[in-house]
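# Coordinates in review
What follows is the residue order along each chain.
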Amino acid sequence: MSEETPTKPNNFIRTIIDADIASGKHQGRVATRFPPEPNGYLHIGHAKSICLNFGIALDYHGTCNLRFDDTNPHKENAGFVEAIKSDVRWLGYDWGDRLFYASDYFQRLYDYAVELINKGKAYVCDLTPEQTREYRGTLTEPGRNSPFRDRSVEENLDLFARMRAGEFQDGEKILRAKIDMAASNMNLRDPAIYRIRHGVVHHQTGEAWCIYPMYDFTHCLSDAIEGITHSLCTLEFEDHRPLYDWFLDTLDVEHHPQQIEFSRLELEYTITSKRKLTQLVDEGHVEGWDDPRMPTLAGMRRRGYTPASIRDFCDRIGVTKSTNNVEMSVLENCVREDLNRCAPRRLAVLHPLKVVLENYPDGQEEILQAANHPQDEAMGTREIPFTRELYIDREDFLEVAPNKKFKRLVSGGEVRLRNAYVIRCDEVIKDGNGEIIELRCSYDPDTLSKNPEGRKVKGVIHWVSAPHAVKAEVRLYDRLFNQPNPGAGGEGGAFTDHLNPDSLLTLTDCRLEPSLQDVEPGAFFQFEREGYFCRDPDRSHGLPVFNRTVTLRDSWAKIEKKGG
RNA sequence: UGGGGCGUCGCCAAGCGGCUAGGCACCGGGUUUUGAUCCCGGCAUACGCAGGUUCGAAUCCUGCCGCCCCAGCCA
């Protein structure tokens with residue numbers, strides 16, 4: 001990363017790592033991994049994990065592997081693999097040559113399963129899924145041993161080999177670890193470690209296997225094989241840690257990584273559940289995984305969030321085991337801060353209102369210079385044409401000021417046109433319905449780059465030259481849900497009831513300054529007084545499309561709200 | 001009624017026996033050709049509750065209370 005990192009985040013995981021290094025554990029080595037299952041797109045919650053794992057590797061001069069946890073071919077595909085790789089890269093991280101797949105280890109995993117059987121620690125079970133559930137017991141009652149639990153090693157070896165050879169149907173048999181059916185931790189009640197899956201083509205291994213290892217068996221061994229030192233995962237896996245350790249203690253492995261759990265990110269007014277995000281896409285509530293309203297990295301990228309702002313966000317929210325629900329304002333502050341620093345300023349009128357300067361010569365055209373950034377001269381200037389006919393935003397004009405704090409244009413009043421002259425509104429033209437359709441104004445030729453004499457003009461508004469204006473579509477986004485915690489309330493799927501019907505507002509008659517004519521998709525700007533926007537790749541309507549990433553902080557809106 | 005976690009300001013979060021960091025939000029004020037940015041100041045009983053140990057506890061002990069996770073041949 002080229003950015004300077006002034007203060008490294010501190011958290012309990014880094015504290016553990018510091019202690020491990022001090023004590024010489026793992027020979028002082030630090031190796032982490034980011035292990036997504038390729039069954040969906042990465043979201044802001046994954047960003048937390050990516051920043052944690054890759055960030056630690058960077059700061060401790062260690063390594064971080066990208067490993068696809070691809071043990072369930074049913075839900076996975078190569079498209080997700082590619083999308084995930086590109087998202088991690090976009091976020092700013094590099095796994096070098098350490099790209100792995102759990103499926104790379106299928107043969108070794110199979111061998112480990114055989115070792116388990118040989119040690120009398122695994123058996124082939126013929127119980128149906130329903131029976132297995134009955135035998136498992138409940139949270140408060142112990143389970144019962146499977147009638148197949150005491151098969152001989154020879155029989156298990158033979159059966160497992162035949163499972164692999166494809167002699168049995170899906171669900172007919174599974175391989176189970178032999179641990180303790182009375183364990184208070186449900187995960188230890190003889191968990192399944194291999195299941196039979198015919199008829200699916202695995203995106204990496206094709207049809208080479210018809211049995212697939214389960215997560216609990218695969219993950220710890222993959223970590224061990226790769227020499228991972230600290231295996232960081234979310235809290236729901238806390239109960240799995242005894243199992244993680246059991247496999248590594250039972251089998252003959254060289255490394256025993258330490259699993260450490262942290263709490264997942266919850267962000268107000270959105271969801272970070274892959275299942276629910278998939279539902280939003282599948283049911284058409286959004287236009288796709290990269291819909292700018294989605295909390296996916298692809299969506300946020302399209303919305304205009306920068307990688308640096310997301311990394312900053314992850315630093316700020318910290319890493320703990322506490323339940324959390326982070327306010328959207330933290331994320332918004334991060335983008336604003338980054339974009340304020342690097343987004344070139346532009347003038348763009350979202351709700352155009354025609355202004356005619358009656359004392360400006362018809363046909364005359366001036367080229368004015370405007371700074372691309374008010375604080376950063378190095379960003380240079382651009383030229384903007386000034387003519388007799390302009391557009392200003394309808395929200396910047398009111399016939400009479402609602403209060404003395406209002407400093408935009410009013411009838412008979414003056415206002416500064418940003419980077420140009422001071423104008424006065426002389427006449428308001430309305431149509432038959434009383435709708436204001438045009439303003440007749442006059443400009444003060446002696447106010448370019450200097451204040452008028454004898455009076456002060458407080459307001460500054462943005463504008464564009466009508467004959468030069470670029471027509472564009474602008475999409476304004478708001479929160480996807482209207483509830484702070486739409487995902488709460490269990491797995492009922494009722495979260496879609498909380499979708500915000502106004503999460504997208506499309507403006508199709510916007511006018512931009514000419515320099516915005518041919519900018520690349522992804523290019524970002526601050527439209528002065530409006531917010532940060534970026535060019536969308538969509539060209540289907542013929543008009544350029546801009547997405548609003550986030551508004552500017554708006555203290556006027558607060559004053560208005562208070563004033564009534 | 002089993003097991004595993006969590007509970008410090010509105011939201012995050014430091015702290016690990018000796019004046020409760022910081023960020024976001026919010027509230028004032030200053031600068032300003034973006035009501036932006038930037039700058040200054042404020043947020044004086046916030047350590048879940050109740051006991052206990054101690055000269056001293058958010059930090060240690062005990063007991064409560066609240067919330068989350070676990071009964072996939074998902075990860």
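All values derive from a computational prediction rather than experimental measurement.

How each quantity is defined
Residues numbered from 1 in each chain as written. Chains lettered and ligands numbered in written order. Predicted model: local features only at pLDDT ≥ 70, side-chain atom pairs only at ≥ 80, totals over all residues. Heavy atoms only, no water. Helix = DSSP H or I, 4+ residues; strand = E, 2+ residues; numbered from the N terminus. Contact = heavy atoms within 4.5 Å. Areas by Shrake-Rupley, 256 points an atom, 1.4 Å probe, with all protein chains shown as cover. Lys, Arg positive; Asp, Glu negative; His and termini not counted. Charge placed at Lys NZ, Arg CZ, Asp CG, Glu CD. Pairing = 2+ DSSP bridges. Axes fitted to C-alpha atoms, helices over the stretch in contact; angles between N-to-C directions. Patch = residues over 30% accessible without salt bridge, like charges linked within 9 Å, V, L, I, M, F, W, Y side chains within 5 Å. Salt bridge = Lys/Arg side-chain N within 4 Å of Asp/Glu carboxyl O. pLDDT = per-residue confidence, 0-100. Buried < 20%, exposed > 50% of the residue type's maximum accessible area, 1.4 Å probe, protein only. Near = heavy atom within 4 Å. Polar contact = N/O pair within 3.5 Å; in protein donor to acceptor, adjacent residues only side chain to side chain. Nonpolar A, V, L, I, M, F, W, Y, C, P; charged D, E, K, R; others polar. 1 Å grid on protein atoms, 1.4 Å probe; cavity = no way out; pocket = protein on both sides within 12 Å on 5 of 7 lines; lining within 4 Å. Points joined across faces, edges and corners; volume = space filled by probe spheres on them. Phe/Tyr/Trp six-rings, centres within 6.5 Å; stacked < 30°, edge-to-face > 60°. Lys NZ or Arg CZ within 6 Å of the ring centre and 35° of its normal.

### Some words on the overall build of chain A
Regarding its fold elements, chain A presents 13 helices and 27 strands. For chain A, the spread of C-alpha atoms along the principal axes amounts to about 100 × 55 × 40 Å. Long-range pairs, those at least 24 residues apart, make up 71% of the contacts in chain A between residues at least 6 apart in sequence. Accessible surface computed for chain A: about 25600 Å², of which carbon and sulfur atoms make up 47%. Once the 72 positive and 90 negative side-chain charges of chain A are each reduced to a mean point, those two points are 3 Å apart.

### Some thoughts on the sheet that holds strand β25 (residues 524–527)
The mixed open sheet is built from 7 strands, whose spatial order is β10-β25-β26-β27-β23-β24-β11. Strands at the two margins of the open sheet, each flanked by one partner only, are β10 (345–346) and β11 (348–349). Each of β10, β25, β26 (531–535) and β27 (545–551) touches helix α12 (residues 328–342); the most contacted strand, β27, lies at about 115° to it.

### Focus on a positive patch on the surface
On the surface, K404, K405, R553, K558 and K562 cluster together to form a positively charged patch. Here R553 is to be found in the loop between β27 and α13 (555–563).

### Things to note about the confidence of the model for chain A
Considering every residue of chain A, the mean pLDDT works out to 96; 98% of them sit at 70 or more. Of the regions scoring below 50 in pLDDT, residues 1–6 engages in 6 contacts with residues more than four places distant in sequence or in other chains. In the model output, the complex is listed with pTM 0.96 alongside ipTM 0.97.

### A closer look at the environment of V470
Mapping V470 onto the fold places it in strand β23 (residues 470–477). When its relative accessible area of 4% is taken as the criterion, V470 is described as buried. Along the sequence, V470 and I16 sit 454 residues apart, while their C-alpha atoms lie 56 Å from each other. Other than its neighbours up to four places away in sequence, V470 contacts C510, R511, L512, E513, P514, Q517 and P544.

### Considerations on the protein's contact with RNA strand B
The full set close to RNA strand B counts 70 residues, and R345, R418, S449, Q526 and R553 are the nearest of them. Of all atoms in RNA strand B that approach within 4 Å of the protein, 65% are sugar or phosphate atoms. Within the contact set of RNA strand B, a base nitrogen lies 2.7 Å away from a side-chain nitrogen or oxygen of D239. Residue K558 places a side-chain N or O atom 2.8 Å away from a phosphate oxygen belonging to RNA strand B. Those elements giving two or more residues to the surface near RNA strand B turn out to be α5 (129–136), β6 (192–196), α11 (307–317), α12 and α13. In terms of residue class, the surface near RNA strand B is built from 21 nonpolar, 24 polar and 25 charged.

### Brief notes about empty space enclosed by the protein
Under the defined criterion, the tally for this structure stands at 1 cavity of 30 Å³ or more. What the largest cavity holds in volume is close to 40 Å³. What lines the largest cavity is Y215, D216, H219, C220, H240, Y244 and Q259. A total of 4 residues in the lining of the largest cavity trace back to one element, the largest contributor, which is helix α7 (residues 215–225). Residues of the lining of the largest cavity, tallied by class, amount to 3 nonpolar, 3 polar and 1 charged.

### Quick word on the side chain of D216
Tracing the backbone shows D216 in helix α7. At a separation of 2.7 Å, a polar atom in the side chain of D216 contacts the side chain of H240.

### A word on the environment of A466
Of note, A466 is situated in the loop between β22 (463–465) and β23. Since its relative accessible area comes to 14%, A466 is described here as buried. It is 7.7 Å that separates the C-alpha atoms of A466 and T387, two residues lying 79 residues apart in sequence. If near-sequence neighbours (up to four positions away) are discounted, A466 is found in contact with K354, T387, E389, L390 and Y391.

### Things to note about the packing of aromatic side chains
Within the structure shown, the criterion is met by 24 aromatic pairs. An aromatic cluster is present here, built from F106, Y110, F160, Y194, W209, Y212, F217, W246 and F247 joined pairwise through their rings. Above the plane of the ring of Y135 lies R144, whose end atom (NZ or CZ) is 4.2 Å from the centre. The cationic tip of K173 hangs over the ring face of F168; the distance from NZ or CZ to the ring centre is 4.5 Å.

### So, the pairing of β25
Sheet topology note: the β10/β25 ladder contains 2 bridges and is parallel. In the strand pairing of β25, R345 is matched with Q526. Relative to β26, β25 runs antiparallel, the two being bridged by 4 bridges. Looking at the pairing, F525 lines up with F533 of β26. Hairpin connection of β25 to β26: 3 residues between the antiparallel strands, including R529 at a positive phi of 70°.

### Side note on the pattern of salt bridges
Under the criterion given, the structure shown has 40 salt bridges. One salt bridge connects R67 with E226, and the closest N-O pair in it is separated by 3.0 Å. In this pair, R67 sits in strand β2 (residues 63–68) while E226 sits in the loop between α7 and β8 (230–234), placing the two residues 159 residues apart along the sequence. Accessibility expressed as a relative area gives 0% for R67, which makes it buried. E226 sits in the buried class, given a relative accessible area of 15%. Across the pair E389 and K354 runs a salt bridge whose closest N-O atoms are separated by 3.2 Å. Here E389 is found in strand β15 (residues 389–393), whereas its partner K354 is found in strand β12 (residues 352–357), with 35 residues between them in sequence.

### Here we look at the sheet that holds strand β3 (residues 99–101)
Taken in spatial order, the 3 strands make up an open sheet running β1-β2-β3, and their pairing is parallel. Looking at strand neighbours, the two that pair on one side only are β1 (31–34) and β3, the edges of this open sheet. Adjacent strand axes in the sheet meet at a mean angle of 35° when their direction is disregarded. Summarising the sheet, β2 and β3 pair through 3 bridges and their orientation is parallel. In the sheet register, R67 faces β3, and the bridge partner there is F100. Packing of helix α2 (residues 44–59) onto the sheet brings it into contact with β1 and β2, and relative to β1 it is tilted by some 155°. The sheet contacts of helix α3 (residues 78–91) involve β1, β2 and β3, and relative to β2 the element is tilted by about 160°.

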